[in-house]
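Structure assessment
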Number of protein chains: 2
Amino acid sequence: MNQTLDEVARRAGVSTATASRALRDLPSVRGETKERVQRVARDMGYVISPSASTLASGRTRTIGLLTPWVNRWFFSNVIEGAEKGLRQVNFDALLYTFHEAPGQPRNRVDPQVLRKRVDGLLILGMQLDEDEVLSLESLELPMVFVGPGHLRHPTVGIDDFAVAQMIMAHLEECGHTRVAHIAGPDLEQFDNSPSAGRHAGWKAWQEERGRPCDDTWYHYSSFDRTGGFESAMLLLDTHPDITAIFAATDDLAIGAIQAAQARGLHVGTDIVIAGVDDEDLAAYLGLTTVHQNPREQGQQAAEMLLAAMGGQPAPLVTFGEISLVERASSGRNTVRLVN
Amino acid sequence: MNQTLDEVARRAGVSTATASRALRDLPSVRGETKERVQRVARDMGYVISPSASTLASGRTRTIGLLTPWVNRWFFSNVIEGAEKGLRQVNFDALLYTFHEAPGQPRNRVDPQVLRKRVDGLLILGMQLDEDEVLSLESLELPMVFVGPGHLRHPTVGIDDFAVAQMIMAHLEECGHTRVAHIAGPDLEQFDNSPSAGRHAGWKAWQEERGRPCDDTWYHYSSFDRTGGFESAMLLLDTHPDITAIFAATDDLAIGAIQAAQARGLHVGTDIVIAGVDDEDLAAYLGLTTVHQNPREQGQQAAEMLLAAMGGQPAPLVTFGEISLVERASSGRNTVRLVN
DNA sequence: CTGTTAGCGCTTTCAA
DNA sequence: TTGAAAGCGCTAACAG
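Residues numbered from 1 in each chain as written. Chains lettered and ligands numbered in written order. Predicted model: local features only at pLDDT ≥ 70, side-chain atom pairs only at ≥ 80, totals over all residues. Heavy atoms only, no water.

Looking up chain A in an unreviewed UniProt entry gives the name LacI family DNA-binding transcriptional regulator, with the organism given as Populibacterium corticicola.

Structural data, given as structure tokens:
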């Protein structure tokens, strides 16, 4: 009933060291011995003590998952993907959230609580300031970013400029030239943010064609439906001749749809609206959008982090796949529920 | 630069044992000594080694968070609440997910991977069979359930029978007697499921008043919008004289709304639909529902688990608050977006 | 390929 | 109220 390595070793008739090696499947153990030890351990129902192993080896087989929220489509899916990727190789994920309420500033990231606890960091969708990044770097742990990235560290995300251009090309095809943009509020704070990339894609498209894209043609307030609503209202006030709106996310687009409806505009005919994400709601509402797969991005990020912890270099930037989904909000598919 | 307790002790001029006691704020240390040690530790930026502490004490200060999904409204909010409650007392949450895709059977819960890793278990929304519960109990760890509970263990949830009665009373008030029900697919597998409680509440209400509630008056397939859509279609086929539908969750209700619209029925006038949850979407779609707060339930459950790990007895059943939210789908509020 | 041995950094008796 | 010392269960040289 003494579930220790020593006991496994004793029963298998080997030393503790050999038992340890056998269970870790090190190549330096004779096949037969290895199997015997593993069988004995299995029969005993032996499980390793992670704390003892960590203490002796210095490796925790645990990563820290830093995220602003878990209750949002993008993040919860990234988390699921990452957890799956880690679990496959028996790594644990320690969850650290940094936001309590939308609209509130988040807690600062404190590297101390991470110290001696994890072998690596997966940082989701957080706009860290330079001090925070430096403090995290002081931990000397591999880290991988998802979403807003960092120049010095591997980042998984999507090509936000391409996303914007994909949407704009679609709108062009639909005959729209007076296209306003709703951005995320982090647009001007961080130039590595998705908001910045999407705004840049929109602006470049319009500029190259001599179309309206001055500062009155885009707007942002908060990063949710309310923000989308407000921005759309304002843009429609300023430019009643807008024929299309490209919103940086589906949530913002949904707010914009509400605004259009409040104005008595029929979405898909009177005005065209497109978002980015293809979250569950998008199909339901008939929202034209750019599809991305945060679950895969999470798994990908986990694999990159695993590789980095294994000493292998990871590419600095990895793009997830994106694809255009044409729906009723751009007038393309009449099977829809948008009013 | 040697960030150990020994070093703290040396600098504070005390023994390792005293330093350990001081940092854990044990009462057996003289106030002055305690402060000195704590100050030294702070100045050094000392952080304890969790693995060493765990190895020596047998306590991990970590709990296992078992959940089918993280990407669903209810679960992600429970997780956020729980994580917050745990973080406040410096406990870590280890995430274990058990579903990859909706509709697929989940992985079985394996107690071995939890062994020696956690001090307690928070089990979210999982329908465990008796074997699984027994195997978890073999870990001899306190556990708290959220959602579908267990007779032998503390459970946080809502009073599902009351939820149903609350909705039914509202529908009654609106003049509905021919009320069909859409249940969750776990209705008949487990009698402790929310689906079972809500179904029972519906059935009791109808039965007591001599109203239709035989087996053709409720239906279920899958636990998502598609399931709600299918069930509603079927119910409307069987009983074209239905005037209201009570769906066990908002997601099911949303599917039912689609079905009604597909039939050319105007929701709120031709037919009334109500759900349960009050997830984000409900307000957006104007869905009448029963509000619950999974975030608070998660935090509550974390506190109960903490108490249980501290040896304090926890109540076997704790109900979260619920309240009726009347919206357009039951004809009560014309500010709405439902078609 | 295998065994011996010395820790990893704490907590916890036990004694003072 | 404090200290000395014995582990907790494993890994990692090092030796053989």
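1. A word on the UniProt feature "domain: HTH lacI-type" (unreviewed entry) in chain A
Put simply, the rule is: UniProt positions are given in the numbering used here, feature names are shortened, and annotations may be inferred rather than shown by experiment. Numbering goes from the N terminus for both helices and strands, where a helix is a DSSP run of H or I of at least four residues and a strand is a run of E of at least two.
According to UniProt, the positions carrying the feature "domain: HTH lacI-type" (unreviewed entry) are residues 3-57 of chain A. The span residues 3-57 of chain A carries 69% helix and 0% strand; its end-to-end C-alpha distance comes to 20 Å.

2. Focus on the pattern of salt bridges
Where charged atoms from two side chains of opposite charge approach closely, those side chains can pair. Cut-off, in case you're wondering: The term salt bridge refers to a side-chain nitrogen of Lys or Arg lying within 4 Å of a carboxyl oxygen of Asp or Glu. Buried residues are those whose accessible area, probed at 1.4 Å on protein chains only, stays under 20% of the maximum for their type, while exposed residues exceed 50% and partly exposed ones sit between those limits.
Summed over all chains, the structure comprises 40 salt bridges over all chains. For the salt bridge of Asp92(A) with Arg117(B), the shortest nitrogen-to-oxygen distance reads 2.6 Å. Within this pair, whereas Asp92(A) is found in strand S2 (residues 92-97), its partner Arg117(B) is found in the loop between strand S2 (92-97) and strand S3 (120-124), the two belonging to separate chains. Asp92(B) is the partner of Arg87(B) in a salt bridge, and the nearest nitrogen-oxygen pair spans 2.8 Å. Relative accessible area serves as the criterion here: at 24%, Arg87(B) is assigned to the partly exposed category. One network of salt bridges, in which partners are shared, links Glu83(A), Arg87(A), Asp92(A) and Arg117(B).

3. Quick look at the interface of chain B and chain A
Many descriptions give the size of an interface as the accessible area lost when the pieces come together. Heads up, the rule is: Note on contacts: a residue pair qualifies if any of its non-hydrogen atoms lie within 4.5 Å across the two residues. Summed over both partners, buried area is the accessible surface (1.4 Å probe) that two parts give up on being assembled. Two N or O atoms count as a polar contact when they lie within 3.5 Å, although within protein this holds only if one can serve as hydrogen donor and the other as acceptor, and sequence-adjacent residues are included solely when both atoms are side-chain atoms.
Chain B puts 44 residues into the contact, and the matching count from chain A is 44 residues. Taking both sides of the interface into account, the surface hidden between chain B and chain A amounts to around 4,100 Å²; carbon and sulfur atoms contribute 55%. On inspection of chain B and its partner chain A, the count reaches two salt bridges. One can count 20 residue pairs in polar contact (both at pLDDT 80 or more) joining chain B with chain A.

4. As for the side chain of Gln127(A)
All names here are of chain A. Looking at the element boundaries, Gln-127 is found in the loop between strand S3 (120-124) and helix H6 (130-137). Overall, the relative accessible area of 15% leaves Gln-127 in the buried class. Within the structure, the side chain of Gln-127 is placed 3.0 Å from the side chain of Asp-186, a separation counted as a polar contact. Setting aside chain neighbours within four positions, we find Gln-127 in contact with Arg-106, Glu-132, Pro-148, Asp-186, Phe-190, Asn-192, Ser-193 and Pro-194.

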